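Coordinate inspection notes
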Amino acid sequence: MTEHFQLLIGGQSTDAASGKTFDAIDPSTGEPFATVAEAGVDDVERAVQAARTAFDVGPWPRMKGRERAKYLFAVADLVKQNAGRLAELEARDAGHTIRLAKGGDIGMVISTFRTFAELAAREDDEEPLPRNPGSANWLRYEPIGVCGAITPWNFAIQMAAWKMAPAIAAGNTVVIKPAVQAAITTVELARLCLEAGIPEGVVNAIPGAGSVAGEALVGSPLVDKVAFTGSTEVGRRIMQLSSGNIKKATLELGGKSAAIVLDDAPLDYAVDGALWGVFFHAGQVCSAGTRLFVQRSIADEFVAELVKRAEELKVGPALEPSSDVGPVISDTQLDTVERYVSLGKDEGADVLVGGERTVVEGHDGGYYYRPTIFGNVDNDMRIAQEEIFGPVLAVMQVEDDDEAVALANRSIYGLAGGVWSGDTGRAVKVAERLRTGTVWINDWHMINPKYPFGGYKQSGIGHEHGVHGFNEYREIKHIHVDLGGPSRKRHPWWELTLPRSERPAPGPDTEGPNPGS
Ligand code: NDP
């Protein structure tokens, strides 16, 4: 029998009020393998109300950070216990190769929950401010309220963890809407939060269409903050919708990251690294190194080796352990990749390898595309400027470090970038000049929940991970206590009502009323 996954609202697994469902499609086969309840506007309202109540009157925001941390550690333990099932579901639903799902995704979910548990346990909710005679001043970090999270399909369970863990660690409640193309592991993770003892209504999961459930969630006046990962285009819409009640918004959007290969790069290592940078998860990664700038003096040798090894990558079904590159998520995404490859050819670029769909024996309906490398690319071509989100690399030659930096920075995006070089000092100088939120030197995709991750330019607003990511889920309150207050006869404000000549002279250190804005 086909497995069915329900919404999680206010601690109850439930079907949609309309009874609607959608099929979960396995991109390795193109076949449905499960059904999922499809949230409509009514369900969003129920979920938001449950999160609102849990925030306004429930125990979660009022708990000590150390207590909340215990629950987050318990979620991490449950994820570990359920690692096999979760990895298999992610492989089937999102098309992650089982190697990636087991080795990367689940480990990352565990470490994300542990990292934010540790941050909550620090209980750094109060912070002194610079001394000022006459008053005491300090900061308090407080949860924001109900957080609406909207996540993409490409790293479904990781994205769910990236949003849920910091939000709840900081004392907020969450309603998460995963992408319909890969929604199942988000619902499963939300259920594990409940199983770990996190109170009802703190974590709610509502798979449903972006145009319906997504819009209702972001537009809800009961939601205080939105956290979104996805395309820059939808990010713009999220900003518009958030403006209704001035929601705080963090946005992690698209990228067109540049990998710079300097002439002193260790060839074998850099070729492997560049391939990993772009073909990891069939290129459906916001931080993929999709533009490669190689120094002209080593370009022929480097590109020849790159093409040879790209040809050797095994494209195959996600559940097959020997697959290096799995399917893309959908037939629509396959069409997009195909359209861009044809556009690249029209623009005058040369396909050096790949450039076509491929059929995997026994999985004829799967959405497979061969790892593709374009040579003879100009950085102004659309294939070098637009996010394709498939296994497609654009290679360009540069004269020196200056030209590499100038071209790398010529992009509307600024998510990530990387430098391959045998000289760390030289690579760091290049890294410092790149206008991106992350730069990897002799590595790629090294995202760690302890370190901030976010984009410059149209790649986003705000950060995920680390203390910076944690603080995106906390309000900052300044508390001011006038130490002399009760001993004075009248509030100093009264002095302002006197004619200037009759006002007492201010002492050298006393602070005056500051009407500010
Ligand atoms: P989207 O940006 O459309 O989707 C991301 C999430 O936003 C999904 O949950 C989606 O819902 C939801 N959504 C869509 N429209 C709205 C809306 N109006 N209001 C609220 N939520 C909405 O990405 P796609 O899946 O369509 O992919 C398109 C392109 O976006 C890709 O080719 C790629 O270039 C880029 N992308 C970038 C990602 C990144 O990590 N930076 C991740 C995914 C895509 P649903 O899909 O369920 O309808």
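Here, residues in each chain are numbered from 1, in the same order as that chain's written sequence. Under the rules for a predicted model, residues below a pLDDT of 70 receive no local features and side-chain atom pairs below 80 are neither given nor counted, while totals for whole chains, interfaces and linings still include all residues. Side-chain numbers come from the whole structure's heavy atoms, not from hydrogens or water.

Right, let's get into the sheet that holds strand β15 (residues 350-353). Strand order in this open sheet of 7 strands is β15-β16-β17-β14-β13-β19-β20, and the pairing throughout is mixed. Lying at the two open borders of the sheet, with one neighbouring strand each, are β15 and β20 (438-441). Recorded for the sheet is a direction-independent mean angle of 25° between the axes of neighbouring strands. Where helix α14 (residues 424-433) meets the sheet, it contacts β13 (258-261), β14 (291-295), β19 (416-420) and β20, and its direction lies at approximately 165° from that of β20. A pair of strands counts as paired when DSSP detects no fewer than two bridges linking them. Helix and strand assignments come from DSSP, with helices taken as H or I runs of at least 4 residues and strands as E runs of at least 2, each series counted from the N terminus. The axes used here are C-alpha line fits, helices contributing only the stretch in contact, and every angle between their N-to-C directions lies in the interval 0 to 180 degrees. Note on contacts: a residue pair is in contact if any heavy atoms of the two residues lie within 4.5 Å.

The subject of this paragraph is the site of the ligand. Definition of nearness: a residue and a molecule or strand are near each other if at least one heavy atom of the residue lies within 4 Å of the molecule or strand. Near the ligand there are 28 residues, and of these Thr151, Trp153, Gly210, Glu215 and Ser231 occur at the shortest range. Polar contacts, as used here, are pairs of N or O atoms within 3.5 Å; protein pairs need one atom able to donate a hydrogen and one able to accept it. Residues neighboring in sequence count only if both atoms are side-chain atoms. In this structure, an oxygen atom belonging to the ligand sits 2.8 Å away from a main-chain N or O atom of Thr151. Within the side chain of Gln333, a nitrogen or oxygen atom sits 3.1 Å from an oxygen atom of the ligand. In short, Shrake-Rupley with a 1.4 Å probe defines the accessible areas, and a residue's cover is counted only from the protein chains shown. Protein coverage of the free-state accessible area of the ligand, which is 850 Å², stands at 83%.

On to the packing of aromatic side chains. Working definition: a ring pair exists when centres of Phe, Tyr or Trp rings (six-membered ring for Trp) sit within 6.5 Å. Plane angles under 30 degrees give stacked, over 60 give edge-to-face, the rest tilted. In this structure the tally under the stated criterion is 8 aromatic pairs. The interplanar angle of 80° and the centroid separation of 5.5 Å between the aromatic rings of Trp153 and Phe389 together place this pair among those described as edge-to-face. Separated by 236 residues along the polypeptide, Trp153 in the loop between β8 (146-150) and α5 (156-169) and Phe389 in the loop between α12 (382-385) and β17 (392-398) bring together distant segments of the chain. Like Trp153, the residue Phe389 is buried in the burial classification. Taken together, a centroid distance of 5.7 Å and an interplanar angle of 40° make the contact between Phe155 and Phe280 tilted. With Phe155 in the loop between β8 and α5 and Phe280 in the loop between α9 (267-279) and β14, this pair connects stretches of sequence that are 125 residues apart. This pair shows no difference in class: Phe155 is buried, exactly as Phe280 is. An aromatic cluster is built from Phe155, Trp276 and Phe280, whose rings are joined through pairwise contacts. Here, over-ring charges are defined by two tests on the NZ atom of lysine or the CZ atom of arginine: distance to the ring centre within 6 Å, and angle to the ring normal within 35 degrees. Seen from the ring of Tyr473, Lys225 lies directly overhead, with NZ or CZ sitting 4.6 Å from the centre. Here the guanidinium or amino end of Arg474 rests over the ring plane of Tyr141, the centre of that ring lying 4.1 Å away. Remark: exposure states derive from per-residue accessible area (1.4 Å probe, protein chains only) relative to the maximum for the residue type, with buried under 20%, exposed over 50%, and partly exposed in between.

Let's shift gears to the side chain of Arg68. Checked against the element boundaries, Arg68 lands in helix α2 (residues 65-81). His residues and chain termini do not enter the charge count, which takes Lys and Arg as positive and Asp and Glu as negative. Every case where a carboxyl oxygen of Asp or Glu lies within 4 Å of a side-chain nitrogen of Lys or Arg is listed as a salt bridge. For Arg68, which is buried and forms no salt bridge, the nearest opposite charge comes from Asp125, at a distance of 5.1 Å. Only 3.0 Å separates the side chain of Arg68 from the backbone oxygen of Trp60, close enough to count as a polar contact. The residues touching Arg68, leaving out its near neighbours within four places in the chain, are Trp60, Pro61, Met63, Ile168, Ala169, Ala170 and Gly171.

The next subject is the pairing of strand β9 (residues 173-177). Looking along a regular strand, one sees side chains alternate from face to face of the sheet. Burial within β9 is extensive, with 5 of its 5 residues counted as buried. Because side chains alternate across β9, one face comprises the buried residues Thr173, Val175 and Lys177, and the other comprises Val174 and Ile176, equally buried. Bridge count between β8 and β9: 5 bridges; the pairing is parallel. Looking at the pairing, Ile150 lines up with Lys177 of β9. For the handedness criterion, the β-α-β arrangement of β8, α5 and β9 is classed as right-handed. The pairing of β9 with strand β10 (residues 203-205) spans 3 bridges and is classified as parallel. Bridged to Val174 within β10 is Val203. A crossover gets the label right-handed when its path from the first strand over the helix to the second runs clockwise, viewed with the strands pointing away from the viewer.

Where α14 is concerned, the buried positions are Arg426, Ala427, Val430 and Ala431. Projected down its long axis, α14 carries its buried residues within an arc of 140°, all on one side. Of the residues in α14, the exposed ones pointing more than 90 degrees away from the buried face are Lys429 and Glu432. Among the structural elements, β13, β14, α13 (401-409), β19 and β20 are those in contact with the buried residues of α14. Two or three places before Gly425, at the start of α14, stands the capping residue Asp423, its side-chain oxygen 3.0 Å from that residue's backbone nitrogen. Note that the arc is computed from the directions linking the helix axis to the C-beta atoms.

Structurally, Gly326 can be placed in the loop between α10 (296-312) and α11 (331-347). Separated by 41 residues in sequence, Gly326 and Tyr367 place their C-alpha atoms 8.7 Å apart. Those residues within four positions of Gly326 in sequence are excluded, and the remaining contacts are Gly95, Thr97, Ala282, Gly316 and Tyr368.

A word on unusual backbone geometry. Both trends apply: most residues other than glycine have a negative phi, and most peptide bonds are in trans. Unlike most non-glycine residues, Ile246 shows phi in positive territory, near 50°. Within the secondary structure, Ile246 sits in the loop between α8 (232-242) and β12 (248-252). Assessed through its relative accessible area of 65%, Ile246 is described here as exposed. In the Ramachandran plot, His445 falls in the positive-phi region, its phi being about 60° despite a non-glycine side chain. With respect to the helices and strands, His445 occurs in the loop between β20 and β21 (456-457). On the basis of relative accessible area, His445 is assigned to the buried category, the value being 9%.

We now examine the sheet that holds strand β1 (residues 3-5). The mixed open sheet is built from 3 strands, whose spatial order is β1-β5-β4. Each edge of the open sheet carries a strand with a single partner, namely β1 and β4 (21-26). Neighbour-to-neighbour, the strand axes of the sheet open up by a mean angle of 35°, direction not taken into account. When β4 meets strand β5 (residues 31-37), the two strands line up antiparallel, connected through 6 bridges. The residue of β5 that forms the bridge with Thr21 is Ala37. Strand contacts of helix α3 (residues 83-94): β1, β4 and β5, with the helix running at about 90° to β4, the strand carrying the most contacts. Strands β1, β4 and β5 of the sheet are contacted by helix α6 (residues 184-195), whose axis makes an angle of about 45° with β5.

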